[in-house]
Every structure is written in structure tokens, then in C-alpha cells.
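# Report on the structure
Spelled out from the first residue to the last, the chains are:
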Amino acid sequence: MRKGTEPLAAKVPEITILFWVLKILTTGMGEAMSDFMGQHSVPIAGFVGIFGTALAFRLQYRRREYHAPTYWFTVMMVAIFGTMVADGIKDGLGLSYAITTPFFAALVAIVFWRWQRSEGTLDIHTITTRRRETFYWCAVLATFALGTAAGDLTAITLNWGFLPSAVLFFGIIAVPMLGWWRFGLNPVVAFWAAYVVTRPLGASFADWFSKPHANTGLGLGDGTVSAIELVVFIALVTYTAIRKDDIQGGDGGGGLPPRPRSEHREHRQGVLRPQPAEG
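Residues numbered from 1 in each chain as written. Predicted model: local features only at pLDDT ≥ 70, side-chain atom pairs only at ≥ 80, totals over all residues. Heavy atoms only, no water.

## Quick word on the overall build of the chain
In terms of helices and strands, the chain carries 9 helices and 0 strands. The N-to-C order of helical and strand elements in the chain reads α-α-α-α-α-α-α-α-α. Counting the 279 residues in the chain, one finds 48% classified as buried. Entry remark: accessible area of the chain is about 13,400 Å², with carbon and sulfur atoms responsible for 68%. (Helix = DSSP H or I, 4+ residues; strand = E, 2+ residues; numbered from the N terminus. Buried < 20%, exposed > 50% of the residue type's maximum accessible area, 1.4 Å probe, protein only. Areas by Shrake-Rupley, 256 points an atom, 1.4 Å probe, with all protein chains shown as cover.)

This is the structure we're talking about:
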């Protein structure tokens, strides 16, 4: 990789309340959109999933710093594609979610292990090289696939229903957040533990709103839920892009020097010089 193509700054947003809202929203949107397209045309769904995700990654990797619309468009496409992968493996190979869930859990563990072994940290404040960015997106894709399988495992295979599943995952996600907030849990561990659970949490809520009453849902339909979530998603991303308060300004323990707000402004104006590539 040529030095000139390395990122100038961290390529992921600072972790705020709005980050978690958008993350959960995209998980539900990915679930509903994937189901909606798959019900109407599997070829079109496959085309959108594959080529849309490829386009999103191309745009994301061409950026040398965090850009909210590009980043969240990529997350949205990964949500759609991750759902298709999880459902495709289950339906195509005839495997139950009881098998695919531990498979994707193992895949997530392998990605984290390789990332930690290669870079020495999983801290998202250190996503300042192409290699670390690649590890990050591999982890994101794997967690989306895992979350899809886990959410359907509890709601469908175990027959708990979508709302009870959403309540279950809400309780699970509260554990690492409370551990970080009150009991000093390592912030990197807390972040990734919560991040993994956002997928089944958002997907369970989306399915609860969209699926028929016979399947323990409210029956609004995947198309309706997709459209509503897309409008909210665009509004929140636009707000984030205008505010620009989710641009990382410090190292968060990841080994990068704090960046003054004035330096952020210079960076956006093209004045900031590239940082040396890490790793």
C-alpha cells in the first residue's frame, strides 16, 4: 500500500449516544430491507447486496478521514449484505440457526484474535491505517451475520417471538454498558461486547414491527418498516454530518495524540499533513 493512500485520521466516528442510535437503526433497516427485497426478487436482492456493498467499500476506502455519510452508507450496506449472508447460508445449505449462530460466533472470535495479534489493540481510536480499517470492517460484517443468526435463533428456532427476543437482547446489551459506566470494565471490551449485541437487538425490533401477527409481529410489513427507518436514518446522518461533533478528537487510550479542535478545522480545509503510517 502506497504511503500516500494511508488515512490522515481515524476512519470511524467517536462513540456517542447518536452512534448507538444509528447503529441499532441500521441493523433493523438491514434486516427489513433484505427481507423485503428477497421476498420480491432474489436476483435484485443479490445485486443490491453485492454491488451496493462493493460500492460502499470503494467510497469508504477512497476517503482518508472519517466522513459521516460515507461511513454510515457503508454500515447500512454491510447490514443488508450481512443479513443476506446469514439467511443465505441457512436457507441455501438447510442449516438451522442453532448451527449457524455458533459458526458466526467463532468467525467473530477469529477476526478479533487475528486483529489483536496483528495490531496489538482492538481500539477503534487507532483505525488510522488501511490494515486496521480492513480488520474493522471484517469484524463489522461478521458481527452483522452473527446478530442475524442469533436474533432468528431466539425468535424463530426457540419460538420466543420477536418482542421477547428484543427485550432479551436489550438486557444483554445493558450488561457491558453498565460494566463500563459503573464498574470499570475495559472500554474496548465493553464497546465490542455491546456492538455485537446491537445487531440482534435492532433486527428483533424491526421484525417485531414488520412481521405478520401470526409470527408474533405487528404486521406493518418489511417495505413500510424499511421506508420509515430509511427516512429516519437519512435525517440523523444529515444531522451528524452538519454537526461534525462525532469526529474523533483524542486517542481514547489508543496511542494517538489528542487533536485540537483547530486542527480539525485545518484538516477539513486540506492543510493537515498526513500522519506516518502505523504498523
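## Quick look at the confidence of the model for the chain
Across the chain, pLDDT averages 85, with 87% of residues at or above 70. Mean pLDDT across the elements of the chain ranges from a minimum in helix H9 (residues 261-268), with 38, to a maximum in helix H8 (residues 222-243), with 96. This model gives residues 250-279 a pLDDT under 50, and the stretch forms 51 contacts once residues within four places in sequence are excluded. (pLDDT = per-residue confidence, 0-100. Contact = heavy atoms within 4.5 Å.)

## Some words on the packing of helix H3 (residues 68-93) against helix H4 (residues 97-119)
Where H3 contacts H4, the two axes come as close as 10 Å, and the packing angle between them is 135°. One way to sum up the angle between H3 and H4 is to call them oblique. Between H3 and H4 lies a crossing whose hand is right-handed. Residues Val-85, Ala-86, Asp-87, Ile-89 and Lys-90 of H3 lie in contact with H4, whose contacting residues are Tyr-97, Thr-100 and Phe-104. Split by residue class, the contact of H3 with H4 holds 5 nonpolar, 1 polar and 2 charged. (Axes fitted to C-alpha atoms, helices over the stretch in contact; angles between N-to-C directions. Parallel < 35°, antiparallel > 145°, perpendicular 65-115°, else oblique. Left-handed = near helix turned anticlockwise from the far one by under 90°. Nonpolar A, V, L, I, M, F, W, Y, C, P; charged D, E, K, R; others polar.)

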